[in-house]
Amino acid sequence: MVGFTSQISIILLLLLSSTTFHKSILCSTETRLRCNEKDRSALLTFKHGVVDRSNKLSSWSNEEDCCAWNRVHCDNITGRVTRLDLNQQYLEGEINLSLLEIEFLNYLDLSLNGFTALSLPPMLNQSLVTSNIHQINLQNETNWLQSMTMHSSLLELRLASCHLTDISPSIKHMNFTSLVTLDLSGNSFDSELPEWVFNLSNISHIDLSFNFLQGQIPKSLLSLQNLKSLRLNDNELNGSIPDWLGQHEHLQYLGLYENLFHGSIPSSLGNLSSLVDLSISSNFLTGNLPTSLGQLFNLKSLFIGGNLLSGAIPDCWEYWKGLSFLLMESNKLTGEVPPSMGSFIDLIIMDLHNNSLSGNFSVDLSNMTNLQFINIGGNNFSGIVPVKMPQSMEVMLLGSNKFEGNIPPQLCNLSSLIQLDLSHNKLSGPIPQCISKITGMGGANKTSHYPFEFNLYTKGQQYEFEDFGLLRTLDLSANNMSGEIPPEVFSLVQLQTLNFSRNHFTGKIPKEIGDMKNLESLDLSNNQISGEIPVTISTLTFLSFLNLSNNELVGPIPLGTQLQSFYESSYGGNPGLCGAPLPKNCVGEGNVNDESMQHGGNNDDFTKSLYLGMGVGFAVGFWGICGSIFLNRTWRHTYFRFLNYVKDQLLVFMAINFKSNNNFSGIRGTSN
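It should be emphasised that the depicted structure is a prediction, and the values quoted were computed from it without experimental measurement. (Residues numbered from 1 in each chain as written. Predicted model: local features only at pLDDT ≥ 70, side-chain atom pairs only at ≥ 80, totals over all residues. Heavy atoms only, no water.)

### Structural notes on the overall build of the protein chain
Of regular secondary structure, the protein chain possesses 6 helices and 40 strands. Considering only contacts in the protein chain between residues 6 or more positions apart, those separated by 24 or more positions represent 49%. (Helix = DSSP H or I, 4+ residues; strand = E, 2+ residues; numbered from the N terminus. Contact = heavy atoms within 4.5 Å.)

Structural data, given as structure tokens:
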């Protein structure tokens, strides 16, 4: 048994030795591999035309193996260059397409650099798969398209935001036999859609967005049976959306927003069963929403805002479980929100603002656990403020409707809420004291979320915002609310905008307002607020807009750089107020504000103590040094010798400079 075990051990040892030996041979072979000479030469030719002010290509030299050069990737076995990624390396000059001579190069990214020209070598290889050189200024390149077609094996061509102007619209065929992805977005093409694009038999993804392309979508698009993504956003395309688009059964992304399309939404779009994203907003589309849209079970995003669509929203959404973004804003939609809209369990954004929707907003949204943003402002909704909201809610914009009654205390349970707009409704009653429970506006850390776009009234003006979770706002303006403003409001210390104007609030401004250190805009105008302005308001150093006009405030305006910098109109309509910036001076202006004088008295005592300490310190320091010099003979002589030395050095320095200036003047005189 022992012998058998020994034999097994020997066999295993031999196997291990042979494996290690074989591996060491492979490793040594790999380490001896150097990059191909043709690849190295092509890279050096490219570098010759590059202006590299940041020395990003300093490793590209004859002494180094090119597989070890910065941003160059080689195959571990063959040593051939396969990838070149020079994204955002601050390179300038020209792009020498000698790079395309690298036989096994299958990925090239030269985007986000400062190149301004293309240089074409006489011969090109046929192996490049991906070419990504977007955001480069190539406005002087008129033959860019012909240069690229010499590389027929290309699968992806991305030349986005390169200032290109000529897309050769009349050419019918280009030698892109393998092309799958074409991204020419963000250029300056000013023509009709190019015919050659719709003859690319293998194309799957087309992006010609953000150009100036005109005309109608050609029916030749039907021949692209592999098409999965068509993005023609932000152009000047016109006519109607073709009914035959519904035949593209593989289409997943259809982007036609911000064009000049008119007519109705074709019902055939409901046949696009693979569609994930439908963006047709900001056109001139009219008519009703087709019920066939309810067949788009895979849809994640629906953007149809900014059109002229009318009629009721059809009740056909019960199968849209995966929808995340629903934007129907700025149309002419009427009627109530259908109950089936409560089935969007994955919804993140619901935007229905600026329509003519009406009735009670009774849709139960509490099961939409991902919902963060709802904007139903600018409609005709009535009844009580909707409260069936999920805990995930962060932004609720319900302004400019006809909601009435008290603010429901259930809103206080939405702890993630960071923006609440209930302005321009018919709300009454007091502000609920439980408002301090909304920790998103209070002490919670700032969050980040999907970018929400909306209009916000702040600092006395209407602004368009794209917010990523930084804004904290509370707007209850233009209602019929009454009672005193509870101190709990001012525990919402993360708020940047607070607007309670045009209500019937009474009582004093609580001194706790000084805790709102992040406040930038405060509007309490047109109420019946009385008493003095609390001194603590002067500590709000970020405050850039203040409106306390048309109240019943009295007494002096507290002293503070912020408060005196506002216009007189910020305090107007309060006959009892006095002090800058109002023209009315306070009686006995030196003793006008007990609280401020109390603070001022403390400040005076501190100032006196400060000056006294400075005086004593100066006296001690002066006599401590000077007294020692005068009383100690050795120190006195050393001190004066030092002064004489400094004086001599200054005289020498001045003499040398004076002589140099004279010589320079002489030279100038001679040359003249």
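### Thoughts on the packing of aromatic side chains
Counted under the stated rule, the structure contains 11 aromatic pairs. Here Phe381 and Phe403 contribute two aromatic rings whose centre-to-centre distance is 6.4 Å and whose plane-to-plane angle is 10 degrees, an arrangement assigned as stacked. Note that Phe381 is positioned in strand E25 (residues 380-383) and Phe403 in strand E27 (residues 402-405), a separation of 22 residues in sequence. Following the ring pairs from residue to residue traces out a cluster consisting of Phe46, Trp60, Trp69 and Phe115. In this structure, Arg83 is placed above the aromatic ring of Tyr107, and the distance from its NZ or CZ to the ring centre is 4.2 Å. (Phe/Tyr/Trp six-rings, centres within 6.5 Å; stacked < 30°, edge-to-face > 60°. Lys NZ or Arg CZ within 6 Å of the ring centre and 35° of its normal.)

### Structural notes on the environment of Leu118
Its place among the elements puts Leu118 in strand E6 (residues 114-119). Sequence spacing of Leu118 and Leu97 is 21 residues, and the spatial spacing of their C-alpha atoms is 7.0 Å. Contacts of Leu118, omitting those with residues within four sequence positions, involve Ile95, Leu97, Leu138, Glu141 and Trp144.

### Things to note about the pattern of salt bridges
Per the stated rule, a full pass over the model turns up 5 salt bridges. When the shortest N-O distance is used, the salt bridge between Asp39 and Arg80 registers 3.0 Å. On the criterion of sequence distance, the pair formed by Asp39 in helix H2 (residues 37-48) and Arg80 in the loop between strand E2 (72-74) and strand E3 (81-85) is long-range, its members being 41 residues apart. For Asp39, a relative accessible area of 1% gives the class buried. Looking at Arg80, the relative accessible area reads 13%, which means it is buried. Between Glu156 and Arg158 there is a salt bridge whose closest N-O contact spans 3.3 Å. (Salt bridge = Lys/Arg side-chain N within 4 Å of Asp/Glu carboxyl O. Buried < 20%, exposed > 50% of the residue type's maximum accessible area, 1.4 Å probe, protein only.)

### A look at the confidence of the model for the protein chain
In regions of low pLDDT, the predicted coordinates are not meant to be interpreted in detail. On average, residues of the protein chain score 80 in pLDDT, and 75% of them reach the 70 mark or higher. Confidence over residues 1-32 falls short of pLDDT 50; this stretch has 1 contact with residues more than four positions distant or in other chains. Between residues 590-608, whose pLDDT stays under 50, and residues either more than four places distant or in other chains, the model counts 9 contacts. (pLDDT = per-residue confidence, 0-100.)

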